[in-house]
Amino acid sequence: MTIAATAGRGLGRLYAALMNLPERPMRWAQGHLPDGRLGWLFVGPNLAIFAVFTFLPILIDFYYSGTGGTNLLPTERPWVGSENFASLTSCQDYLDPNSCVRDQFWYAIWNTAKFVVLQVTLMLVFSLATALVLNRKIIGRGFFRAAFFYPVLLSPVVVALIWKWVLQRDGVLNAAFVGAGLEPVEWLLGARSAFGWTVFVSIWAHMGFYTLILLAGLQAIPADIYEAAAMDAAPPSRVFRRITLPLLMPSVLVVLVLGLIRAVQIFDEVYVLTGGGPGSATTYLVEFIYNTGFSSQVRQYGLAAAASLLLAGVLLVLTLIQLRGMRPSKGDGRG
Amino acid sequence: MARLARMMTATRGHGRMDWTDWASYLYLILGTALMLGPVLWLALSSLKSPAGLIEFPPTLLPQEQVRVSVPNYPNPLPLYRITKGDHAGQTLAEVRKIGLQATMVDPAAPETPIRVPVEDRTKLMQFHAAWDNYGDLLQKFDFGRYLWNSVFITSVATILTLLLNSMAAFALSKYKFAGREPVFLLMLATLMIPPTIILVPNYLIAAVLGLTDNPWGVIWPAVATPTGVFLLRQYMLTLPDDLLEAARMDNASEWRIYWRIVLPLSKPALAVLAIFSVMWRWNEFLWPMVVLGRNETFTLPLALNSFQGELTTQWNYLLAMTVVTLIPVTVIFALLQRHITQGIASAGVK
């Protein structure tokens, strides 16, 4: 017998032994619980974790947002009422973050707004184009689809380091610039170019996922509709506008809303790529929350919780839009 | 060859490539270069020595200067190709360099020193992969520990995710009990609560439960996934109830029915969830960064992040570490590409 087979059988035995452990208590419960209550035992552990790590935190978030100070324990935090919200929303001119009490918060809001509009629009355009091309009769389609999808699986930290390496001063992009007779550029040290690169890198990293959704949508369009259009000798542009686009609309909506929800929460890649800089040019909302609550010397949990709730409000609106038009099966990326 | 060319240019209905086909291939090839190029570039760079990394413009392949042993000289001498002057075309070894003049010797005739201006020569390079970058990770840094932390968290969390989610899915799909619908809706509702907005309270809960600086602080909050429950429930709904009834006739306990009958039949859905869970946990960043404060508890992404802050000059190690982090995901993807893409397309989750 081979080693692999032995190991496999050993693992199988171990698995069976472990799974047999709850047999006795579960059989006892089955005999003693009133009919139909057994389901709760199966759902219980999962539900308990949701309760402790998802539902309870929402309630605590509301309490925290009304307290001040830097103590972590809620019992030792002074109640300040709406002070956190008031300081976050106190501005002379909402368009000018410098006139706000919490200028960093408003920089983050406007940066995030700019980022979301630009990133979601461009990502939709490129993933739609890629899906349309991949839906053609193409040699090596599986390979190309995999190539476009591959970055989706990479850790955001890895994504950021890949591009940091490409974009650094002595990096390969600047080498190409010098080769073409241009001046090298400090890509991540200029406010405008750093912002542009955060948009580009996040599209690079996530585009494959949305391409896949759109491709599935395209392949769900019945072929006989296209055959009928071909019979009528309809020009391709007309077929696209009258058949493809309307029938693809549900998938486009999924992509739009999912893309929006995730873009609003952008953090990981940008945090490693630019650290929110230069200055606060690429500081987005979640980074503001992280900086306020965790990374600065003075840990302002109350302020961070208040900012979280404002973010939650935005996300709630987006999710409700999503639920209006769609199946309730669309995840948000964390499971 | 002609057949290959015909196959390459065959398109739907026409038989010849029209311009849209050319444009499609151009788009796909450029896109693939943009998607995979940077990753390949990173992998190639990770094999360069520190000297090779600061070279500008960078070379494509990792290289080092050729050195030869010359009689009468204790250390191997670097080789140069002479481009101008009396010795143009010759390959000479450098003995020493003073200002803009170098003293060199011909390795074949090492007795006569030759003086060459430094601008008249170029380094003679050869392919050389600096595997030390990888070997040193284990010795110079606590790399093994970060790797272990990541492997531990990923595997334990995935096993618990499969177990707890499938138990919940079993009850939600095969039992009728008071409160089943509300429980299912409640679990789906957690999809709407992204982890970014409950960072602060979750940190408090982890601290109260003694889970900070502890791998379980990353594992417990992650193992109850709404996506997993939903995915498995939808799959288990398709399993025929007759099977369960037959087992009950044989006096099997409900727990036994769950793990002996329903679990083995749900393998395809469990496989999809397992792949997702491995990817989620392996790549997770923000929550581990909040809950794992001490260096010894860091996972690979956290270690990478802290190194890129500290070791700005030691790119060779940082690059090697990045490659090690992306290898497992790449291997899984290469092996299970079809399952992953189909799972995502059908479930709409990432």
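## Some points on the pairing of strand β3 (residues 77–82) of chain B
All names here are of chain B.
Here is step 1 of the chain: Pairing between strand β2 (residues 67–68) and β3: 2 bridges, direction antiparallel. Paired with V68 across the two strands is L77, which belongs to β3.
Here is step 2 of the chain: Taken together, the 3 bridges between β3 and strand β4 (residues 91–98) define a ladder with antiparallel strand orientation. Paired with Y80 across the strands is L92, a residue of β4.
Here is step 3 of the chain: Direction of pairing for β3 relative to strand β7 (residues 121–123): antiparallel, over a ladder of 3 bridges. Residue R81 lies in a different strand from β7, and its bridge partner there is T122.

## Observations concerning helix α9 (residues 191–219) of chain A
Here is step 1 of the chain: If you check α9 of chain A, its first and last C-alpha atoms are 42 Å apart, about what 29 residues at 1.5 Å a residue would give, namely 42 Å.
Here is step 2 of the chain: The largest bend in α9 of chain A comes to about 45°, at H206 of chain A.

## What about the packing of helix α5 (residues 103–134) of chain A against α9 of chain A?
Residue and element names in this part refer to chain A.
Here is step 1 of the chain: The interhelical angle for the contact between α5 and α9, taken along N-to-C directions, is 45°, at an axis separation of 7 Å. Taken together, the axes of α5 and α9 lie oblique to each other. The two elements α5 and α9 meet at a crossing, and its hand is right-handed. Residues F115, L118, Q119, L122, M123, F126, S127, L128, T130, A131 and L134 of α5 pack against T198, V199, S202, I203, H206, M207, Y210, T211, L214, L215 and L218 of α9.
Here is step 2 of the chain: In terms of residue class, the contact of α5 with α9 is built from 15 nonpolar, 7 polar and no charged.

## Focus on the domain arrangement of chain B
Here is step 1 of the chain: The assigned domain composition of chain B is domain 1 (63–127) and domain 2 (137–347).
Here is step 2 of the chain: A separation of 58 Å is found between the C-alpha centroids of domain 1 of chain B and domain 2 of chain B.

## So, the domain arrangement of chain A
Here is step 1 of the chain: Assigned domains within chain A: domain 1 (1–32) and domain 2 (103–325).
Here is step 2 of the chain: With centres defined by C-alpha atoms, the gap from domain 1 of chain A to domain 2 of chain A works out at 45 Å.

## A short note on the environment of S82 of chain A
Residue and element names in this part refer to chain A.
Here is step 1 of the chain: The topology assignment puts S82 in the loop between α3 (38–65) and α4 (83–88).
Here is step 2 of the chain: Overall, the presence of 11 C-beta atoms within 10 Å leaves S82 in the exposed class.
Here is step 3 of the chain: As for S82 and T67, which are separated by 15 residues in sequence, their C-alpha atoms are 8.5 Å apart.

## Focus: unusual backbone geometry
Here is step 1 of the chain: Of note, the phi angle at A233 of chain A is positive, near 55°, even though the residue is not glycine.
Here is step 2 of the chain: For A233 of chain A, the location among the structural elements is in the loop between α10 (223–231) and α11 (236–264).
Here is step 3 of the chain: The exposed category is assigned to A233 of chain A, around which 6 C-beta atoms lie within 10 Å.
Here is step 4 of the chain: Positive phi, close to 55°, is recorded for D213 of chain B, a residue that is not glycine.
Here is step 5 of the chain: Relative to the assigned elements, D213 of chain B resides in the loop between α7 (199–208) and α8 (215–223).
Here is step 6 of the chain: A residue is classified by how many C-beta atoms lie within 10 Å of it, and D213 of chain B, with 15 of them, is partly exposed.

## Quick word on the nonpolar core
Here is step 1 of the chain: Core analysis: the largest hydrophobic core is formed by 159 residues, its most contacted members being L161, L285 and A307 of chain A together with A168 of chain B.
Here is step 2 of the chain: In terms of residue count, the dominant contributor to this core is α9 of chain A (14 residues).
Here is step 3 of the chain: With near-sequence residues (within four places) excluded, A307 of chain A lies in contact with L88, F105, F288, I289 and T292 of chain A.
Here is step 4 of the chain: Within the second largest apolar cluster, 8 residues are counted, among which are L77, A93, M104 and V105 of chain B.

Rules and cut-offs
- Residues numbered from 1 in each chain as written.
- Chains lettered and ligands numbered in written order.
- Predicted model: local features only at pLDDT ≥ 70, side-chain atom pairs only at ≥ 80, totals over all residues.
- Pairing = 2+ DSSP bridges.
- Helix = DSSP H or I, 4+ residues; strand = E, 2+ residues; numbered from the N terminus.
- Expected span 1.5 Å × (residues − 1).
- Bend = angle between axes of the 7 residues up to and from the residue.
- Axes fitted to C-alpha atoms, helices over the stretch in contact; angles between N-to-C directions.
- Parallel < 35°, antiparallel > 145°, perpendicular 65-115°, else oblique.
- Left-handed = near helix turned anticlockwise from the far one by under 90°.
- Contact = placed C-beta atoms within 7 Å.
- Nonpolar A, V, L, I, M, F, W, Y, C, P; charged D, E, K, R; others polar.
- Domains from an automatic or database assignment.
- Buried ≥ 20, exposed ≤ 12 C-beta atoms within 10 Å, placed from the backbone.
- Core = buried A, V, L, I, M, F, W, Y, C linked by C-beta atoms within 7 Å.

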